[in-house]
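Residue-level listing of the chains:
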Amino acid sequence: MQITETLVYPAAIEVVFDMMTDEAFHALVCEATHAMSHSATVSRQSDGATVITHREMPTDGFPEFARSMVGRSIDIVETIVYGPPGPHGTRIGEMSITMGTAPIALKGDIRIMPADDGTEVVGTLYGLFDGLVHFEEEDLEPLEVGRIDRLLIRRITEGPGLPAG
């Protein structure tokens, strides 16, 4: 599974990077996604930053089979490690997301780069499933797409597993 999200902010790349590495910004994101509880920490290095966000999310919109695996809530931990600025101030952050005891994790990157009308932020994640868990298409139909969208997923471009190549 591949998930890609692109956002464009009408601001300079340095301003967007500062926003993406601001604890208050991440707290607002957690609140906007209706986290039951949350915390965000940012540690800055001389040429980069590490952002760790913890969210406890309700699972009341999950189908029963998925809820039986994770319980009434799921703890999501998102870690982004940004390196030094590249050409034109571009930043790349390695991202990983774990979901409590659920047999899935996401790994990928966030790219903060100049765009014609400001700064473009592109996040790409790849789903990693535990080899013991198999989802049939009919098992996924009851999922509320809007709920998943609010939690993590904007667009799915491939099936489960890492992309070919």
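Data block above holds the structure.
All figures in this text were calculated on a predicted structure; none of them were measured in a lab.

Student: Which residues make up the pairing of strand 4 (residues 73–82), and what values do they have?
Tutor: Residues Ile 74, Ile 76, Glu 78, Ile 80 and Tyr 82 line the buried face of strand 4, whereas the alternating positions Ser 73, Asp 75, Val 77, Thr 79 and Val 81 sit on a face that is not buried. Both strand 3 (residues 49–58) and strand 4 contribute to a ladder of ten bridges, which runs antiparallel. Directly across from Ile 52, in strand 4, lies its bridge partner Thr 79. Note that strand 4 and strand 5 (residues 91–99) share seven bridges and pair antiparallel. Paired with Glu 78 across the two strands is Ile 97, which belongs to strand 5.

Student: Please set out the packing of aromatic side chains residue by residue, giving values where relevant.
Tutor: Inspection of the entire model under this criterion finds one aromatic pair. Between Phe 17 and Tyr 82 the ring centres are 5.3 Å apart and the planes differ by 85°, which places this aromatic pair in the edge-to-face class. Residue Phe 17 is located in helix 1 (residues 13–20), and its partner Tyr 82 is located in strand 4; the two are separated by 65 residues in the primary sequence. Tyr 82 shares its class with Phe 17; the two are buried. Seen from the ring of Phe 17, Arg 91 lies directly overhead, with NZ or CZ sitting 3.9 Å from the centre.

Student: An account of a negative patch on the surface is requested, with residue identities and associated values reported.
Tutor: Together, Glu 14, Asp 18, Asp 22 and Glu 23 line one region of the surface with negative charge. Secondary-structure assignment places Glu 23 in helix 2 (residues 23–32). Overall, the relative accessible area of 38% leaves Glu 23 in the partly exposed class.

Student: Can you lay out the nonpolar core for me, pointing to particular residues and giving the numbers?
Tutor: In terms of nonpolar packing, the biggest core is built from 28 residues, with Met 20, Tyr 82, Met 99, Ile 110 and Ile 112 touching the most fellow members. For this core, the elements supplying multiple residues, two or more each, are helix 1, helix 2, strand 3, strand 4, strand 5, strand 6 (104–115) and strand 7 (118–129).

Student: Just give me the short version of helix 2, but keep the residues and values in it.
Tutor: Phe 25, His 26 and Cys 30 are the residues of helix 2 that are buried. Burial along helix 2 is one-sided: seen end-on, the buried residues are contained in an arc of 140°. Across helix 2 from its buried face, at more than 90 degrees, point the exposed residues Leu 28 and Ala 32. Looking at the packing, one finds that the buried side of helix 2 touches strand 1 (2–9), helix 1, strand 2 (37–44) and strand 3. N-capping of helix 2 is provided by Asp 22, with a side-chain oxygen placed 3.2 Å from the backbone N of Ala 24. Backbone geometry just after helix 2 places His 34 at a positive phi near 65°.

Student: Kindly report on helix 1, identifying the contributing residues and their values.
Tutor: Three or more residues of helix 1 are buried, namely Ile 13, Val 16, Phe 17 and Met 20. Considered in projection along helix 1, the buried side chains sweep an arc of 100° and stay on one side of the axis. Away from its buried face, by an angle of more than 90 degrees, helix 1 presents the exposed residues Glu 14 and Val 15.

Student: Let's hear about the pattern of salt bridges: which residues, and what values?
Tutor: What the rule picks out here adds up to one salt bridge. Measuring nitrogen to oxygen at the nearest pair gives 3.4 Å for the salt bridge that ties Arg 111 to Asp 109.

Thresholds, definitions, all that
- Residues numbered from 1 in each chain as written.
- Predicted model: local features only at pLDDT ≥ 70, side-chain atom pairs only at ≥ 80, totals over all residues.
- Heavy atoms only, no water.
- Buried < 20%, exposed > 50% of the residue type's maximum accessible area, 1.4 Å probe, protein only.
- Helix = DSSP H or I, 4+ residues; strand = E, 2+ residues; numbered from the N terminus.
- Pairing = 2+ DSSP bridges.
- Phe/Tyr/Trp six-rings, centres within 6.5 Å; stacked < 30°, edge-to-face > 60°.
- Lys NZ or Arg CZ within 6 Å of the ring centre and 35° of its normal.
- Patch = residues over 30% accessible without salt bridge, like charges linked within 9 Å, V, L, I, M, F, W, Y side chains within 5 Å.
- Areas by Shrake-Rupley, 256 points an atom, 1.4 Å probe, with all protein chains shown as cover.
- Salt bridge = Lys/Arg side-chain N within 4 Å of Asp/Glu carboxyl O.
- Lys, Arg positive; Asp, Glu negative; His and termini not counted.
- Charge placed at Lys NZ, Arg CZ, Asp CG, Glu CD.
- Core = buried A, V, L, I, M, F, W, Y, C linked by side-chain atoms within 4.5 Å.
- Arc of directions from axis to C-beta.
- Contact = heavy atoms within 4.5 Å.
- Polar contact = N/O pair within 3.5 Å; in protein donor to acceptor, adjacent residues only side chain to side chain.

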